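Remarks on the overall topology
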Amino acid sequence: MEQKFFLACSPGGFHKVAYTEWGTPNQNPIICVHGLSRNGRDFDYLAQALSEQGYYVACPDIVGRGDSDWLSNPKYYDFPQYVSDMTTLIARLNCKEVDWIGTSMGGIIGMIMASFPNTPIRRLILNDVGPYIPSSSLKFIKTYLDKNPHFANFEAAEQYFKNIYTNFGDLAEEQWQQLTMHTMRQVSDGSYKLKRDPTITLSPSKARIFFKILSHPLKCLTGTLFDVDLWNLWQKVKCPTFVIRGENSTVLPKWVLPKMREINPKTQWVEIANTAHAPALMSTDQIQLIIDAIKGS
């Protein structure tokens with residue numbers, strides 16, 4: 001594993017995007033993209049297993065998260081910017097096709113890119129996200145996204161993540177420590193803060209940009225979030241798609257899955273027991289599901 005960087009550009013100027021790479025670069029890489037408040041190191045267990053199978057894997061920190069730069073203007077934290085940055089990553093990898101694994105927000109970025117003509121996305125793996133997200137789930141996500149906690153020590157930070165990410169499933173202690181380690185930064189007084197720009201939020205301004213780019217996926221009126229509706233976008237996705245759903249997920253309602261397959265017959269799915277949003281993709285069985293999906297078995 002090695003951490004690398006590339007330069008991308010927003011209307012506010014250039015910014016650095018960090019990514020970790022696993023394995024030897026080749027012409028059919030796998031790109032793993034994290035959720036709204038997370039970072040690329042969430043995929044360490046999966047990426048290591050994939051690299052041991054001979055795959056090359058790149059796991060970026062979306063701008064404003066992890067070791068990537070923060071943007072000078074928070075209004076640029078939007079999907080057009082994320083798509084632009086990931087297009088730059090694909091250009092850097094110098095490949096014609098990629099397999100895309102996306103958790104939550106990372107899956108939406110993948111759906112957007114897979115919907116474009118001449119898309120480089122060969123296969124799409126969506127972790128607990130689809131073309132429809134109920135507003136109630138967005139409100140829940142917003143409750144912890146709008147917080148900017150500060151912890152006296154590493155143990156307090158780890159307990160915080162255990163509390164807010166119980167939906168990830170039954171993780172081992174070393175896995176919780178790994179998630180905490182790469183999500184926090186130690187500041188000068190020895191305490192810990194999130195490696196995430198606190199200006200990132202689900203705001204009305206972001207919703208308007210989302211609406212402008214994708215026709216009408218996310219609407220907002222006087223601060224009230226409405227359902228995300230990406231069905232028009234999904235109709236343009238033609239590549240083979242494998243969806244992983246947490247059994248108790250409210251972000252990805254169960255009824256969405258057969259409708260996805262009705263629109264794109266190349267869609268398959270599986271449910272992970274005793275999880276909600278979103279399966280951590282750290283256990284041996286979940287990793288094997290992804291390996292099988294990439295192999296097309």
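Residues numbered from 1 in each chain as written. Predicted model: local features only at pLDDT ≥ 70, side-chain atom pairs only at ≥ 80, totals over all residues. Heavy atoms only, no water.

What about the nonpolar core?
Of all hydrophobic cores here, the largest spans 53 residues; its most connected members are W100, I109 and L124. Once you skip the residues sitting within four places of it in the chain, W100 turns out to touch I31, V33, M86, G106, I109, G110, M113, I121, R123, L124 and I125. Within the second largest apolar cluster, 22 residues are counted, among which are I30, I125, I287 and A293. (Core = buried A, V, L, I, M, F, W, Y, C linked by side-chain atoms within 4.5 Å. Buried < 20%, exposed > 50% of the residue type's maximum accessible area, 1.4 Å probe, protein only. Contact = heavy atoms within 4.5 Å.)

Side note on the pattern of salt bridges
Going through the model one piece at a time under the given rule, you end up with nine salt bridges. With a shortest N-O distance of 3.0 Å, E21 and K4 are connected by a salt bridge. With a gap of 17 residues between them, E21 in strand β2 (residues 13-22) and K4 in strand β1 (residues 2-10) connect regions that are remote in the sequence. The class for E21 is buried, based on a relative accessible area of 8%. The class for K4 is partly exposed, based on a relative accessible area of 25%. (Salt bridge = Lys/Arg side-chain N within 4 Å of Asp/Glu carboxyl O. Helix = DSSP H or I, 4+ residues; strand = E, 2+ residues; numbered from the N terminus.)

Here we look at the confidence of the model for the protein
Counting all residues, the mean pLDDT for the protein is 88, and 89% of those residues have values of 70 or more. Scored below 50 in pLDDT, residues 204-225 makes 47 contacts in the model with residues more than four places away or belonging to other chains. (pLDDT = per-residue confidence, 0-100.)

Quick look at the packing of aromatic side chains
Scanning all chains against the criterion turns up nine aromatic pairs. For the ring pair F79 and Y82, a centre distance of 5.7 Å and an interplane angle of 70° mean the geometry is edge-to-face. Here F79 pairs with Y82, and both are found in helix α2 (residues 79-93), just three residues apart, close to one helical turn. Neither residue differs from the other here; F79 and Y82 are each classed as buried. Consider the rings of W231 and W255, whose centres lie 6.4 Å apart with planes at 35°: the pair is tilted. (Phe/Tyr/Trp six-rings, centres within 6.5 Å; stacked < 30°, edge-to-face > 60°.)

Section: the environment of Q159
Looking at the secondary structure, you find Q159 in helix α5 (residues 154-164). Look at Q159 and you get partly exposed, because its relative accessible area is 42%.

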